[in-house]
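Summary of the model geometry
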Amino acid sequence: MYYEASGVVITLILLGKYFEAIAKGRSSEAMKKLLSLQARTARVVRGGQELELSTDEVLVGDLISVRPGEKIPVDGEVVSGNSFVDESMITGEPVPVSKQSGAGVVGGTINQNGALTFRATRIGADTALAQIIKLVETAQGSKPPIQGLADRVVAVFVPVVLGIAALTFSLWLLLGGQAALSFALITTVAVLIIACPCAMGLATPTSIMVGTGKAAELGVLFKGGGALEGLQDVQVVAVDKTGTLTKGRPELTDLVTATGFNRNDVLSLVAAAEEQSEHPIARAIVDAAKREGMSILKPEAFEAVPGYGLEARVEGRIVQVGADRFMTRLGLDVSVFTAQAERLGDEGKSPLYAAVDGQLTAIIAVADPIKEGSLEAVNALHRMGLKVAMITGDNRRTANAIARQLGIDEVLAEVLPSGKSDAVKELQAKGQKVAFVGNGINDAPALAQADVGLAIGTGTDVAVETADVILMSGDLRGVPNAFALSRATLRNIKLNLFWAFAYNIVLIPVAAGVLYPAFGLLLSPVLAAAAMGFSSVFVLSNALRLRGFQPPVKPDAVAVAAQPALPAHA
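Residues numbered from 1 in each chain as written. Predicted model: local features only at pLDDT ≥ 70, side-chain atom pairs only at ≥ 80, totals over all residues. Heavy atoms only, no water.

Pairing between sheet strands relies on hydrogen bonds along the backbone, with the strands arranged either parallel or antiparallel. Strand order in the open sheet formed by 6 strands is β2-β1-β3-β9-β4-β7, with antiparallel pairing between adjacent strands. The sheet terminates laterally at β2 (49-54) and β7 (104-105), the two strands that pair on one side only. Where strand β1 (residues 41-46) lies against strand β3 (residues 63-66), 3 bridges are found, and the strand directions are antiparallel. Bridging across to β3, R43 finds its partner in S65. (Pairing = 2+ DSSP bridges. Helix = DSSP H or I, 4+ residues; strand = E, 2+ residues; numbered from the N terminus.)

Before going further, it helps to examine the pairing of strand β21 (residues 452-456). The element β21 is extensively covered by neighbouring structure, given that 5 of its 5 residues are classed as buried. Side chains V452, L454 and I456 project from β21 onto one buried face, and the interleaved G453 and A455 project onto a second face that is buried too. Pairing geometry for strand β20 (residues 434-438) and β21, over 4 bridges, is parallel. Residue pairing for β21: G438 is matched across the bridge by A455. Here β21 pairs with strand β22 (residues 469-471) via 3 bridges, running parallel. Paired with I456 across the two strands is L471, which belongs to β22. (Buried < 20%, exposed > 50% of the residue type's maximum accessible area, 1.4 Å probe, protein only.)

For the rest of this paragraph, the subject is helix α10 (residues 263-274). Across its 12 residues, α10 extends 16 Å between first and last C-alpha, which sits within 8% of the 16 Å expected from 1.5 Å per residue. With 9 of 12 residues buried, α10 is to be regarded as a mostly interior element. By the burial criterion, the buried members of α10 are V266, L267, S268, L269, V270, A271, A272, A273 and E274. The opening residue of α10, the one whose side-chain oxygen lies 2.9 Å from the backbone nitrogen of N264, is N262. (Expected span 1.5 Å × (residues − 1). Polar contact = N/O pair within 3.5 Å; in protein donor to acceptor, adjacent residues only side chain to side chain.)

Time to look at the UniProt feature "transmembrane region" (unreviewed entry) in the protein. When the UniProt feature table is mapped to this numbering, "transmembrane region" (unreviewed entry) covers residues 153-175, 181-204, 497-516 and 522-544. End-to-end, the C-alpha atoms of residues 153-175 are 31 Å apart, and along that stretch the chain is 100% helix and 0% strand. The span residues 181-204 is 88% helical and 0% strand by assignment, and the distance between its end C-alpha atoms comes to 39 Å. (UniProt positions renumbered as here; feature names shortened; annotations may be inferred.)

Moving on, we come to the packing of helix α7 (residues 198-217) against helix α19 (residues 478-512). Between α7 and α19, whose axes approach to 9 Å, the crossing angle comes to 165 degrees. Of the possible angle classes, the one that applies to α7 and α19 is roughly antiparallel. As α7 packs across α19, the resulting crossing turns out to be right-handed. Along its contact with α7, which presents A199, M200, A203, T204, T206, S207, I208, G211, K214 and A215, the element α19 presents L485, T489, N492, I493, N496, L497, A500, F501 and N504. Among the residues forming the contact of α7 with α19, the class breakdown is 10 nonpolar, 8 polar and 1 charged. (Axes fitted to C-alpha atoms, helices over the stretch in contact; angles between N-to-C directions. Parallel < 35°, antiparallel > 145°, perpendicular 65-115°, else oblique. Left-handed = near helix turned anticlockwise from the far one by under 90°. Contact = heavy atoms within 4.5 Å. Nonpolar A, V, L, I, M, F, W, Y, C, P; charged D, E, K, R; others polar.)

This part is about the pattern of salt bridges. The full count for this structure, using the stated rule, is 16 salt bridges. For D62, the salt bridge identified is with R46, shortest N-O distance 2.6 Å. Pair noted here: D62 is in the loop between β2 and β3 and R46 is in strand β1, with a separation of 16 residues, a long-range link. R46 gets classed as partly exposed once you look at its relative accessible area, which sits at 30%. Residues E410 and K387 are paired through a salt bridge, measuring 3.1 Å at the closest nitrogen-oxygen approach. Of this pair, E410 sits in strand β19 (residues 410-412) while K387 sits in strand β18 (residues 387-391), placing them 23 residues apart in sequence. Taking the relative accessible area as the measure of exposure, E410 reaches 15% and is therefore buried. Residue K387 is classed as partly exposed on the basis of its relative accessible area, which comes to 28%. (Salt bridge = Lys/Arg side-chain N within 4 Å of Asp/Glu carboxyl O.)

Turning to the sheet that holds strand β5 (residues 83-86), a few remarks are in order. Strand order in the open sheet formed by 3 strands is β6-β5-β8, and the pairing between neighbours is antiparallel. The outermost strands of the open sheet, each flanked by one partner alone, are β6 (97-99) and β8 (110-111). Two strands pair when backbone bridges link them, and β5 and β6 are joined in this way by 3 bridges, in the antiparallel orientation. Considered in β6, the bridge of F84 is made with S98.

Below, the structure is given as structure tokens:
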């Protein structure tokens, strides 16, 4: 007499599993996209001939030819040709990157408008794309701490449900009257079906799978579910300055000329004077002149003046560059630039002065400029209720100037390279959970010490290996995006777990027949099977909502993407 009911129950359960399988497939679409980026073949130049080979046959050191519109098959270094390469699928940055001799290329990216020949440097599992796929797989398969709660509940839940089912059968058998056996069977089967903990088991892993996959699309790699959840408790984001908040290399930021002097003429003469020097400030001035299309003249004479500056003869003109005390020594009055010098000092920059043929011509400043997006990232973190601290080895005045420009809450300045982890401990000693963002070798201890370490993916291998989260581009705006995605994923998991537990708590008593004496209502096994399938599909559908996550801060559409440099074994 229960043949039809059992047939419907099995059909509904299979239908639920089918929908579940479809949803699971959608949840791993990010991984499918990553796998689809891998090129299948490569045009290898051997013995003067181009051979079409499988990427598995490519060897380190092989020369590979890539035409416009083709995928770059493996990681390498350009030896000839010029082109622009779309690296958005790796870094999340939208603007194609210029490539010429000496530039690095990443397997899976797309060559756009020029032919390139490059030498393979990483193949197979060592390529950046293969490492990204491995990291995403590891993160999707890992269990965050919140999963432990679900596991502990299920470990108790299953024997309790079996006990409830046995008790339900016994009570209905004793109190069910003439139809006792029928009531006992129906209610017991309904309890067992409705209590199936599928939804509980799916609640966390599906959200983790979709969340980490979406993060990978945005250029944020979580090494595990623990890192994804760990960002929830962070109260302070400590950021390394050089190379993280700033570009990490000095650039000419200011050149203001005195009345009657042409800026380009002054820059050309100063660059020529500095051309013989290897000092970082000199290189910054020379590079600035080259970027502006100037040809750098060779000085006819050059002399360093220790403690003051330098003097050179360029095309018969005497060019002197140095600090204010050098100008004073030369008998020149720098008070004409007092306003500019005060402004530069407030910005943490040390002004230099230039004189040509005994006349004061310009005030110059070279500094490590703030990266595009740093201010936007700090503001976004503040909107999330997070405190931002800066850790730097710079002098306090320079550090405070940078902090004022960015709105940073706390500054730990004049920190020795070996003392960054101690600076993180200092913040943790105040009872705060700390995330540290860095990119250099000397940042590795601080990344390990922090509750969560975030490494700029364009940084050193050591920093990337030590961190819990990797930002594939050098854009600091990935930090608030990582926090926002972490919060969205954890909210999603908690909603899934609430639904799974609440559903069982409410419906198990109904399935056991507690409403029958008062209202004459029983939950048939058919409805129980439908409800069980619906709960699983609901949990999966809720997890899939993360695919529509919108980052709070989007990379600047005009920013140039940075070259990712993951280690060989991240």
